[in-house]
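Observations on chain architecture
Next come the chains, spelled out residue by residue.
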Amino acid sequence: MRAIWSGEITFGLVNVPVKLYSATRSHDVSFHQVHDEDDGRIRYERRCEVCGRVIDYDHIEKAYAEGDKTVVLTDEELDALPAEEDDEIDVVQFIPREQVDPLLLGTAYVLEPVGRSPKSYLLLRRTLEHSERTAIVTFTLRTKTRLGVLRSRGRLLTLQTMRWPEDVQDMDFPAARKRPKISEKELDMAGALVDQFSGDFDPEKYSDEYQEQLHELIEDKLEQGESVDTDETFGREREEHAEKEQGGKVISLMDALERSLQKRGSTGSEGSSSGAKKSTGGTKKSTGGSKKPAGASKKSAAGSKKPAGGSKKSAGTSKTSSSKSASASGKKRKSS
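Because the structure is a prediction, the values reported are computed rather than measured.

**Quick word on the pairing of strand 7 (residues 133-141)**
Within strand 7, 7 of the 9 residues are buried, leaving the element largely enclosed by the surrounding structure. Sheet analysis places strand 5 (residues 88-96) next to strand 7, joined by 6 bridges and oriented antiparallel. When the sheet's bridge partners are listed, Ile95 is paired in strand 7 with Thr134. Relative to strand 8 (residues 144-153), strand 7 is paired through 7 bridges, and the arrangement is antiparallel. Paired with Val137 across the bridge in strand 8 is Gly148. Hairpin remark: strand 7 followed by strand 8, antiparallel, with 2 residues in the connecting loop; positive phi at Arg142, about 55°.

This is how it looks when you write it as structure tokens:
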């Protein structure tokens, strides 16, 4: 893994040499575009509107337009800005952890200690741990001056960018200002429902079902060719499942709370013993009516790594068992 930045953390007269690495990566499937007639790859060209030629990156510069005037900024001019040469992560304040608004947080990075002795790195990390504080820092990365938070995470220091206050939109909605009457019983039932869904957060219990199904669809297309039976691969999805449970009627908030508590109570014991992902991660599915009831039952029955693909096997085994029972009943008739 290559470092994307190197410099020093500075607080007071203490300097901590570090290297910066990206802390996250994307697990999404990457697509490219093709022509639907011949599957040719679609390419995008950097074509000049004046001369009509395709332009190389070496001859492309940045520009800013304001009204009918355009200002062109060369790479030399941008590199000459003082902030561009800054290679320090400057600690400007230490604050309590809970004062950081999650809405302000952006990209996360990991800092590696550099040099013969990591003493200053360890000192800063332990200081943040013992004081239970977060360091507010300023730094320059990819030609932009940034605000960030410096925190301890395990044995490492992490740096996470923050949005500037002017980047956060001030939102307000008329419906949010209304104050509908909420009874004590509704509050008690909502609190009981929260208690049933409560527990310690474990990110390993959750998975990206869409990406899993997408990987399986790609694998099936590679094995079978272009024609794939989606219903066989994923099972039939019935979005009207929730409406059938409610009898097609609009229910009140109180009825919704009561039914949610009853449904959660009846399935709570099963979810605690097996299928942690479905019992703890399925908040929306339990309250709003699952969009994929068939797929969920097949996953629990098959117990395979590929939950969506297990529908074929389960269907096959059901046919085999039914044929065996039919032949057995036929033998009994003959013998009688």
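Right, picking up where we left off after that structure.
**A short note on the nonpolar core**
One recurring pattern in soluble globular proteins: nonpolar side chains tend to sit buried together. Formed by 19 residues in total, the largest nonpolar core has its most connected members in Ile9, Ile89, Leu111, Leu150 and Leu159. For this core, the elements supplying multiple residues, two or more each, are strand 1 (5-11), strand 2 (14-22), strand 5, strand 6 (105-113), helix 2 (119-131), strand 7 and strand 9 (156-162). At 4 residues, the largest contribution of residues to this core is made by strand 7. The residues touching Ile9, leaving out its near neighbours within four places in the chain, are Val14, Asn15, Val16, Val18, Ile89, Val91, Leu111, Leu124, Leu150 and Leu157. Ranked by size, the runner-up nonpolar core spans 7 residues in total, among them Ile95, Val100, Ile136 and Met162.

**Brief notes about the sheet that holds strand 1**
Spatial strand order, 1-2-6-9-8-7-5: 7 strands in a closed barrel with mixed pairing. Taking each pair of neighbouring strands and ignoring which way they run, the sheet shows an average axis angle of 40°. The pairing of strand 2 with strand 6 spans 5 bridges and is classified as antiparallel. For Leu20, the partnering residue across the bridge sits in strand 6 and is Leu111.

Scoring rules and cut-offs
- All residue numbers refer to positions counted from 1 along the written sequence of the respective chain.
- Predicted model: local features are reported for residues with pLDDT of at least 70 only, side-chain atom pairs are reported and counted for 80 or more only, and whole-chain, interface and lining totals are derived from all residues.
- The side-chain values count all of the structure's non-hydrogen atoms but skip hydrogen atoms and water molecules.
- For the exposure calls, accessible area comes from a 1.4 Å probe over protein chains only, and a residue counts as buried if that area is under 20% of its type's maximum, exposed if over 50%, partly exposed in between.
- Each helix corresponds to a stretch of at least 4 residues labelled H or I by DSSP, and each strand to a stretch of at least 2 residues labelled E; elements are numbered beginning at the N terminus.
- At least two DSSP bridges between two strands are needed for those strands to be called paired.
- We call a set of buried residues a nonpolar core when its members are Ala, Val, Leu, Ile, Met, Phe, Trp, Tyr or Cys and they connect through side-chain atoms within 4.5 Å of each other.
- Here, residues are in contact when the closest pair of their heavy atoms is within 4.5 Å.
- Here, axes are lines fitted to C-alpha atoms. For helices the fit covers the stretch in contact, and angles between N-to-C directions go from 0 to 180 degrees.

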